Amino acid sequence: MPAMPRITRCSLGLLLPVILCLLLGRPDSPRAEAPQEYQVKGAMVFNMAKYIEWPADAFSGSGAPLVVCSVGRGPFTAALEQYRGRTVLGHPVQVKRVQPGEELGECHLLVVSGVEKRYLAGIVDQARRRSLLTVGDLPDFARLGGAIGLVEVEGRVRFEINVKAAQQSRSKISSQLLKLARIVREGD
């Protein structure tokens, strides 16, 4: 594997503190209200995407969009919208709201939030069949087959990664991101 270009290493070095700040939050701050919580979660999804290596055939070209699909009710989609048009690894971000069972053909990343638990297995299964990386904030999301679960611990948003689910998506999560995560296994 070729060494990372110096500028990429510098960029990664600059982004990690941002992620850490998002993870750690302010220890003396009261529990965030829902919109602020989702602003943090949206920022985490955007920044995490920078640490994911997508399969070579995931994009039609070097400037093709990174399509972030969002399924479920709640403010998560609105929080993601602020990143529309910004770039991740040279790909402009597009945000698309989808309904459970809707075709996910153009999605690269599926954010799951505000979905009844009884629908989760079907959504995760559909994402696996499409090799999509999933991020969700439902309780036990990563343990129930999602790739990255956003969890609240002591008033702060943190994340868990189900490595097996991430591998099934054919996406490669950087070791730097894995170091920051709590690693979980399905069914733990």
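Thresholds applied
- Residues numbered from 1 in each chain as written.
- Predicted model: local features only at pLDDT ≥ 70, side-chain atom pairs only at ≥ 80, totals over all residues.
- Heavy atoms only, no water.
- Helix = DSSP H or I, 4+ residues; strand = E, 2+ residues; numbered from the N terminus.
- Buried < 20%, exposed > 50% of the residue type's maximum accessible area, 1.4 Å probe, protein only.
- Contact = heavy atoms within 4.5 Å.
- Areas by Shrake-Rupley, 256 points an atom, 1.4 Å probe, with all protein chains shown as cover.
- Expected span 1.5 Å × (residues − 1).
- Arc of directions from axis to C-beta.
- Salt bridge = Lys/Arg side-chain N within 4 Å of Asp/Glu carboxyl O.
- Pairing = 2+ DSSP bridges.
- Axes fitted to C-alpha atoms, helices over the stretch in contact; angles between N-to-C directions.

Once that is clear, we can look at the overall build of the protein chain. For the protein chain, the helix and strand inventory stands at six helices and 10 strands. Here the protein chain holds 188 residues, and 45% of them are scored as buried. Contacts spanning at least 24 positions in sequence make up 64% of the contacts within the protein chain whose residues lie at least 6 apart. With the model as given, the accessible surface of the protein chain reaches about 10,000 Å², and the carbon-plus-sulfur share is 54%.

What follows concerns helix α4 (residues 117-129). End to end, α4 covers 19 Å across 13 residues, agreeing with the expected 18 Å (1.5 Å per residue, within 8%). Of the residues making up α4, those classed as buried are L120, I123, V124, Q126 and A127. All buried residues of α4 fall inside an arc of 160° around its axis, so they share one side. Exposed positions of α4 whose direction lies more than 90 degrees from the buried face are R118, A121 and R129.

In this section: unusual backbone geometry. Residues other than glycine seldom take positive phi values, yet L89 does so here, at roughly 50°. In the Ramachandran plot, E154 falls in the positive-phi region, its phi being about 50° despite a non-glycine side chain. Its location among the elements puts E154 in the loop between β7 (148-153) and β8 (156-162). Overall, the relative accessible area of 72% leaves E154 in the exposed class.

Taken as a whole, this structure holds 11 salt bridges when the rule is applied. Across the salt bridge formed by E37 and K41, the nearest N and O atoms sit 2.6 Å from each other. A residue pair is termed a helical-turn pair when its members lie 3 or 4 positions apart in one helix, as E37 and K41 do in helix α2 (residues 34-49) at four residues. K41 sits in the buried class, given a relative accessible area of 6%. Between E81 and R84 there is a salt bridge, and its shortest N-O distance comes to 2.7 Å. When salt bridges that share partners are traced, they join D140, R143, E160 and R182 into one network.

As a further point, take the environment of K117. Topologically, K117 is positioned in helix α4. For K117, a relative accessible area of 56% puts it in the exposed group. For the pair K117 and L138, spaced 21 residues apart in the sequence, the C-alpha separation amounts to 8.0 Å.

This part is about the environment of E53. Tracing the backbone through its elements, the reader meets E53 in strand β1 (residues 52-53). Each C-alpha atom of the pair E53 and L89 lies 9.1 Å from the other, and the pair is 36 residues apart in sequence. Leaving out residues up to four positions away in the same chain, E53 has contacts with R170, S171 and K172.

Glancing now at the sheet that holds strand β3 (residues 87-88). Read from one edge of the open sheet, eight strands run β3-β4-β2-β5-β6-β7-β8-β10, paired in mixed fashion. The sheet terminates laterally at β3 and β10 (182-184), the two strands that pair on one side only. The sheet strands contacting α4 are β2 (66-71), β5 (109-112) and β6 (133-136), and the helix crosses β5 at an angle near 175°.

The element β2 is largely enclosed, with a buried count of six among its six residues. Pairing between β2 and strand β4 (residues 91-98): six bridges, direction parallel. Residue pairing in the sheet places V68 in a bridge with V95 of β4. Sheet analysis places β2 next to β5, joined by four bridges and oriented parallel. Counted as the bridge partner of V68 is L109 from β5.

The quantities given are spatial measurements derived from coordinates; they are silent on function.
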